[in-house]
Amino acid sequence: MNVDLYPEKAQYISNEKVYLIADISQDVNNLYEASIQIYYLSNMVKEERVKLKPGKNKIEIGRFDSIFAGYGAQISIFGTEEESLTAYTAFDVVSDPGKSIRYGFLSDFSEKDGDMEDVDNLRKLHINMVQFYDWSYRHDELVAPKNSYTDMMDKEIDLEIIRKKITFLKKYGMKPMAYGAVYAASKDFYNKHEDWAFYTGNDEVFKFIDTFYIMNIAKECPWHEHIIKQYKEAVEKVGFSGIHMDTYGFPKTAFSKYEGQSKLIKLGEEFATLINDTKESLDEIDEDTYLIFNNVGNWPVEPVGQSKQAAIYVEVWNPYERYFHIKQIIQDARKASNNKKPVILAAYLAPFRLEELDKAGYAAYILTAAIVSNGGYHLLLGEENAVLTQGYYSDYSKLDSLQSEILRKYYDFMIRYMNLFHDTTMRDVSMTHMGWDNYEYQCNFDNWSSYGEANKIWLTLRENDFYKSISMINLCGCKDDLWNKGKDKPVIQKGMQFTVFVDKNIKGIYYASPDQKDSKSYSIDFRYVNTDKGKFVQFDVPDLVIWSLIYIEL
């Protein structure tokens, strides 16, 4: 007998009824008693007894008036052969889906892809925004004139399958997003509108992989309105909740030949206008629409940071190759939006395609921990247990069953402790409050790093008026700090002690880890230490496997 516990929806809105699904695999038609417990950080906020039967049980948890909160859920089933059977999950409640965006992908839309196992997988991962990659008929004509067609990469697509998946995603609290490159067109379209294209200084048209012709996005060029019209049709005719506005990184400057006039265009100065004009156009249909714009290689984040996009989305490429680059990108992106938008990193993991699967798995666990610990979200997972390894999503790779199970626990952990990871009031003090004569955070081990060095424990220190947190990522045994390389299993670290400065007596210190069975918060014993520098708390922490979180409630 097994039980799988997950929320019915990927995300809940404030005061919406929350439901959990307890899926019991058992041939015998017994009735079981169970206990449900709901936690906010270390506090149990709800407990009740329920009766369950084999199959899917829909359990009403109630309404939560939170505007931004992650919760942990535990179910214990009694009267089984194991005496009690326990399962865990998490869910979040927000006033606006844009406060917390977890991005995933779908890319298979042929007639044979009509099952909803992929959608089921996404909601169990709490993915609440889903990019439909390469769903369109043509890049310059997004909505096909017929239901069955092949796209520009010869992929077979069924528009009714797309609509069916959109319906199920919306039912489960997820926003379906239509992929649409901002400036890509087919050769046929280019031949009809040659003066709408971008040109090199050698008067050659810009092309991408010899297939897509790069068009002029400047407001004075008709392409600007043409692509916005295509985006609008994707929302109106197909039912998407928004657009993933893709770019290719290059070119950053190009020549316009519109109406026979040669003019140098700086694309970084044009994107914000395109984003804002697109959002205004979509708002005419429904104001509950979203835009994700692709800052390829971390460009041009600053000029578009305060435009009408839902998040700061960065596709990470070299030379951003080390763990400290991940931290840098997230911090710079938050500044670009005045800390008002979620930050999403599309950091694809080539090891799943090029290296041993075990090493790829450890690279994924560490990178997920790194992005979340620094306040970001990771676009990596989609379809049914699929993982992205490169920019063409349709060539995804697969996780094995154990990797899928572990990453689901990591995503549960991210949601359960989102108030420590993604609350915008949490300030990163890693570089200013530890080391040299910074006495605020001290430890009894030398192999620590505040920026993800190889063979060390990566410490991310964050705090606000209510909490101090220490995120610990184990890089001991890792030969390098390259995020896109396979990693050996980290060497478990033991015997760690911290001494942390506090202004006054605290309420408690807690430990949690997704590497445990349950991800629950456990109280840590501590002692006050008074010195000539003030009041400190000193405490020992449990063994570090890969990722642990310590938080002090002030």
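Thresholds applied
- Note that residues are indexed from 1 along each chain, following the sequence as it is written.
- Reporting of local features is limited, given that this is a predicted model, to residues whose pLDDT is at least 70; pairs of side-chain atoms are given and counted only at 80 or more, and all residues count toward the totals for whole chains, interfaces and linings.
- Side-chain measures here rest on the full set of heavy atoms in the structure, leaving out hydrogens and waters.
- For this analysis, a salt bridge means a side-chain nitrogen from Lys or Arg found within 4 Å of a carboxyl oxygen belonging to Asp or Glu.
- Secondary structure elements follow DSSP: runs of H or I no shorter than four residues count as helices, runs of E no shorter than two count as strands, and numbering proceeds from the N terminus.
- A simple rule labels every residue: compare its accessible area, found with a 1.4 Å probe on the protein chains alone, to the largest value its type can have, and call it buried under 20%, exposed over 50%, or partly exposed in between.
- Pairing between two strands requires that DSSP report at least two bridges joining them.
- Here, axes are lines fitted to C-alpha atoms. For helices the fit covers the stretch in contact, and angles between N-to-C directions go from 0 to 180 degrees.
- Angles below 35 degrees are treated as roughly parallel, those above 145 as roughly antiparallel, those between 65 and 115 as roughly perpendicular, and all remaining angles as oblique.
- A crossing counts as left-handed when the near helix is turned anticlockwise from the far one by less than a right angle, and as right-handed when that turn is clockwise.
- Between two residues, a contact is recorded if the distance between any of their heavy atoms is within 4.5 Å.
- Any residue that is not Ala, Val, Leu, Ile, Met, Phe, Trp, Tyr, Cys, Pro, Asp, Glu, Lys or Arg is counted as polar, Gly included; the first ten are nonpolar and the last four charged.
- The span you would expect from a helix comes to 1.5 Å times its residue count less one.
- Note on disulfides: each one is a pair of cysteine sulfur atoms within 2.5 Å.
- Where a domain begins and ends is set by an automatic assignment or by a domain database.
- The quantity reported as buried area is the accessible area (1.4 Å probe) lost by two parts once they are put together, taken as the sum for both.
- Patch definition: residues with relative accessible area over 30% and no salt bridge; like charges joined within 9 Å; nonpolar side chains (Val, Leu, Ile, Met, Phe, Trp, Tyr) joined within 5 Å.
- The method behind every accessible area is Shrake-Rupley, applied with a 1.4 Å probe, and residues are considered shielded solely by the protein chains displayed.

Per an unreviewed UniProt entry, the protein goes by Cycloisomaltooligosaccharide glucanotransferase and derives from Clostridium puniceum.

Draft legend 1. View of the pattern of salt bridges. Going through the model one piece at a time under the given rule, you end up with 33 salt bridges. Taking the shortest distance from any N to any O, the salt bridge between Lys 56 and Asp 23 comes out at 3.6 Å. Here Lys 56, found in strand β6 (residues 55-63), pairs with Asp 23, found in strand β3 (residues 17-25); they are 33 residues apart in sequence, far enough to count as distant. Residue class for Lys 56 comes out exposed when judged on its relative accessible area of 54%. Between Asp 277 and Lys 219 there is a salt bridge whose closest N-O contact spans 2.6 Å. Placement of Asp 277 in helix α5 (residues 271-283) and of Lys 219 in the loop between β17 (212-214) and α4 (222-238) is noted, with a sequence separation of 58 residues between them.

Draft legend 2. Here's a closer look at unusual backbone geometry. Pro 300 follows Trp 299 through a cis peptide bond whose omega is -5°. With respect to the helices and strands, the residue Pro 300 is situated in the loop between β21 (290-296) and α6 (301-304). With omega at 15°, the peptide bond leading from Asn 318 into Pro 319 counts as cis. Looking at the secondary structure, you find Pro 319 in the loop between β22 (312-315) and α7 (323-336). Phi angles above zero are rare outside glycine, and Asn 15 is one such case at about 70°. Checked against the element boundaries, Asn 15 lands in the loop between β2 (12-13) and β3. In this model, Glu 259 sits at a positive phi of 55°, which is unusual for a non-glycine residue. Residue position: Glu 259 is located in the loop between β19 (253-256) and β20 (263-266). Judged by its relative accessible area of 60%, Glu 259 falls in the exposed class.

Draft legend 3. Local environment of the sheet that holds strand β16 (residues 207-208). Reading across the sheet, the 3 strands line up as β14-β17-β16 and stay open at both edges, with antiparallel pairing between neighbours. Each edge of the open sheet is held by one strand with a lone partner, namely β14 (184-185) and β16. Direction of pairing for β16 relative to β17: antiparallel, over a ladder of 2 bridges. Paired with Lys 207 across the bridge in β17 is Tyr 213.

Draft legend 4. Summary view of the packing of α4 against α5. Interhelical geometry of α4 versus α5 gives an angle of 40° and a closest axis separation of 10 Å. Comparing their axes, α5 and α4 come out oblique. Pair α4 / α5 crosses with right-handed handedness. Contact with α4, carried on its side by His 224, Ile 227, Ile 228, Tyr 231, Lys 232 and Val 235, involves Thr 273, Leu 274, Asp 277, Thr 278, Ser 281 and Leu 282 of α5 and no other residues of that element. A per-class count over the contact of α4 with α5 returns 6 nonpolar, 4 polar and 2 charged.

Draft legend 5. Inspection of α5 at higher detail. Compared with the 18 Å implied by 1.5 Å per residue over 13 residues, the 18 Å span of α5 between its first and last C-alpha is a close match. All of the buried residues in α5 are Phe 271, Ala 272, Leu 274, Ile 275, Asp 277, Thr 278, Lys 279, Ser 281 and Leu 282. Each element contacted by the buried residues of α5 is listed here: α4, β18 (242-246), β21 and α6.

Draft legend 6. Summary view of the state of the cysteines. The full count for this structure, using the stated rule, is 0 disulfides. The thiol sulfur of Cys 443 is not disulfide-bonded, and the nearest other cysteine sulfur, from Cys 476, lies at 11 Å.

Draft legend 7. Region of interest: the domain arrangement of the protein. Once the domains are mapped, the protein shows domain 1 (2-94), domain 2 (98-180 + 227-252 + 290-422) and domain 3 (427-553). Placing the centre of domain 1 and that of domain 2 at their C-alpha centroids yields a distance of 28 Å. On the side of domain 2, 21 residues touch domain 1, which itself brings 23 residues to the contact. Carbon and sulfur atoms supply 55% of the area that domain 1 and domain 2 bury against each other, a total of about 1900 Å² over both sides. When the buried surface of domain 1 facing domain 2 is broken down by residue, Ala 10, Leu 41 and Phe 68 rank first, second and third, together holding 33% of it. Applying the counting rule to domain 1 against domain 2 returns 3 salt bridges. Put simply, Asp 4 and Lys 124 hold a salt bridge, and the shortest N to O gap is 3.2 Å. Looking at the side of domain 1 that touches domain 2, the elements that each hand over two or more residues are β1 (2-7), β4 (32-40), β7 (68-80) and β8 (83-94). It is β8 that contributes the most residues to the side of domain 1 that touches domain 2, 6 residues altogether. Within the side of domain 1 that touches domain 2, the residues separate by chemical class into 15 nonpolar, 4 polar and 4 charged.

Draft legend 8. Structural detail: the pairing of β3. Looking at chain direction, β1 and β3 are connected through 6 bridges and run antiparallel. Residue pairing for β3: Tyr 6 is matched across the bridge by Ile 21. Across 8 bridges, β3 lies against β6 in antiparallel orientation. When the sheet's bridge partners are listed, Ala 22 is paired in β6 with Asn 57.

Draft legend 9. Molecular detail of a nonpolar patch on the surface. A grouping of Met 153, Phe 208 and Ile 209 is seen on the molecular surface, where their side chains present a nonpolar patch of about 250 Å² in accessible area. Following the sequence through the fold, Ile 209 ends up in the loop between β16 and β17.

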